[in-house]
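Understanding the architecture of this molecule
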Amino acid sequence: MLTELRVRDLVVISDVTLRLRPGLNVLTGETGAGKSMLVDALSLLVGERASVDLVRPGSSRAVVEAAFDLKPTGGIVVRRTINREGRNRAWVNGSPATVGVLAELGQRLVDLHGQHEAQSLLRPSAQRDILDAFGGAAEERANVAHCFELAQRLRVEERALAERREEIQRRADYLKHVVQEIEEVTPAPGEDEALATEAKRLAHAEELTALAERLATLLDGDGEESAVSVLGAAVKVLDQLSRIDESVARWSELLDGAVTGVAELAREVRDYESGIELDPGRLASVETRRDRLFRLLQKYGSTLEEVLNACISGDAARPPLPTAAEIRVDAGRGLECL
C-alpha cells in the first residue's frame, strides 16, 4: 500500500508530504485545493509522461517521491525529478530507473481511477484474469496459451512455406524461360567467332577479291615481274653461277624450295579468291544470327560455352516444390491441439 507521498515544486505545490494509514484514506476539499495535483504527482511515479510546464514557477525542478509498503516482503521507494532544462531522472530504491520501468512497476503498485480514465475492470485482459481465477482454470489457461502460441507459430511457418513455394515457382518459371530461349537459338561453341569472321569477309567481299587477285598476279602472273617469273630467272642465273663455282650449287635446294612455296601460295590465293562470295542476302542472314547470339551472351554468359552451361544447369537446378497438401499437414499439427 502507499504509505507516504511527498511533492515539491509541482505546478502550484511548494512542498507537501502526505502520510497515509492502513485502510481507506479520503482526501476532501474544495475545487482548486490541489487534490488533482496529488493524483497527477502519483501518475508521474507510475510512468506518466512529464512536461517542464509542471515545474513550479521560480523553481529549477519538481520532485515527486512515494513510499510503498509491500508486506511481508518489505518496502519500495520511487522518486522522480522533472528539470526545467528537460533532463528528467527516476530512481527505485535509490537505483536509477527508466520511465518504462516505472510504468511496469506502477501496474503492480497503483490502480488509478479518474473521471476520464478507463478502469482496469474495463480492460479485456483484466476481465480474463478475473474469470480464469474465479473458475480455477489456471492449468487450462496455460494449455490454451501454449496451443495458441503453437498455432500462431505454425501459421507463420505456413505463410513462409507458401512464400517459399511462390518464390521457387517464379524461379522455376524463369529457368524454364531461360532453357526455352537458349534451345530456340541452339547455339554452338565458337559459332559467334566463326560468324564474326564470315560477316567481315562478306562485308568486304569486293575489296578482298581485288586484293587476292592482285596478290595472285604478283605471285604467278604472266608478266615478267611475277614472283614465279623472277624466281625462274634466278634459277637460270644460279645454274650458270654454279657451273663456274660449284661451291654455290647448294643454293639450288633453297631456291627450289622458294619456287615450290611461291607456286603453292599462288594456288592457295587463287582458291581463296574463288571462295569469296558477293552475297548480300547471306550477309543479312549472318548478322541476324549474330544478333540472336549476342542477346544470349548479354543475358547468360560471356561465351557460348557459358550460355550452354546455363541452359544445362538451369534445367537441372529446379528444387522440388512443396505441395499444398504438405503445407496443410504441417499447419494441421498445430491446429489439432485446439
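Structure first, text after, so check above.
Residues numbered from 1 in each chain as written. Predicted model: local features only at pLDDT ≥ 70, side-chain atom pairs only at ≥ 80, totals over all residues. Heavy atoms only, no water.

A short note on a nonpolar patch on the surface
Together, Leu-241, Trp-251 and Leu-254 make up an exposed nonpolar region whose accessible area comes to about 310 Å². Within the secondary structure, Leu-241 sits in helix 7 (residues 227-244). (Patch = residues over 30% accessible without salt bridge, like charges linked within 9 Å, V, L, I, M, F, W, Y side chains within 5 Å. Areas by Shrake-Rupley, 256 points an atom, 1.4 Å probe, with all protein chains shown as cover. Salt bridge = Lys/Arg side-chain N within 4 Å of Asp/Glu carboxyl O. Helix = DSSP H or I, 4+ residues; strand = E, 2+ residues; numbered from the N terminus.)

Structural notes on the packing of aromatic side chains
What the rule picks out here adds up to zero aromatic pairs. Residue placement shows Arg-79 over the ring face of Trp-91; its charged tip is 5.2 Å from the ring centre. (Phe/Tyr/Trp six-rings, centres within 6.5 Å; stacked < 30°, edge-to-face > 60°. Lys NZ or Arg CZ within 6 Å of the ring centre and 35° of its normal.)

Concerning the pairing of strand 3 (residues 61-70)
By the bridge criterion, six bridges tie strand 1 (residues 2-10) to strand 3 in an arrangement that is antiparallel. For Glu-4, the partnering residue across the bridge sits in strand 3 and is Ala-67. Sheet topology note: the strand 3/strand 4 (residues 74-83) ladder contains ten bridges and is antiparallel. The partner of Val-63 across the bridge, within strand 4, is Thr-81. Counting the residues in the hairpin turn of strand 3 and strand 4 gives three residues. (Pairing = 2+ DSSP bridges.)

Considering the packing of helix 4 (residues 138-185) against helix 9 (residues 280-300)
A pair of packed helices is captured by two measures, namely the crossing angle of their axes and the spacing between those axes. It is the contact of helix 4 with helix 9, at a shortest axis distance of 10 Å, that shows an interaxial angle of 155°. Put simply, helix 4 runs roughly antiparallel to helix 9. Crossing geometry of helix 4 relative to helix 9 is assigned as left-handed. Seen from helix 4, the contacting residues are Tyr-174, His-177, Val-178, Glu-181, Ile-182, Glu-184 and Val-185; seen from helix 9, they are Arg-289, Arg-292, Leu-293, Leu-296, Lys-299 and Tyr-300. Partitioned by chemical class, the residues of the contact of helix 4 with helix 9 number seven nonpolar, one polar and five charged. (Axes fitted to C-alpha atoms, helices over the stretch in contact; angles between N-to-C directions. Parallel < 35°, antiparallel > 145°, perpendicular 65-115°, else oblique. Left-handed = near helix turned anticlockwise from the far one by under 90°. Contact = heavy atoms within 4.5 Å. Nonpolar A, V, L, I, M, F, W, Y, C, P; charged D, E, K, R; others polar.)

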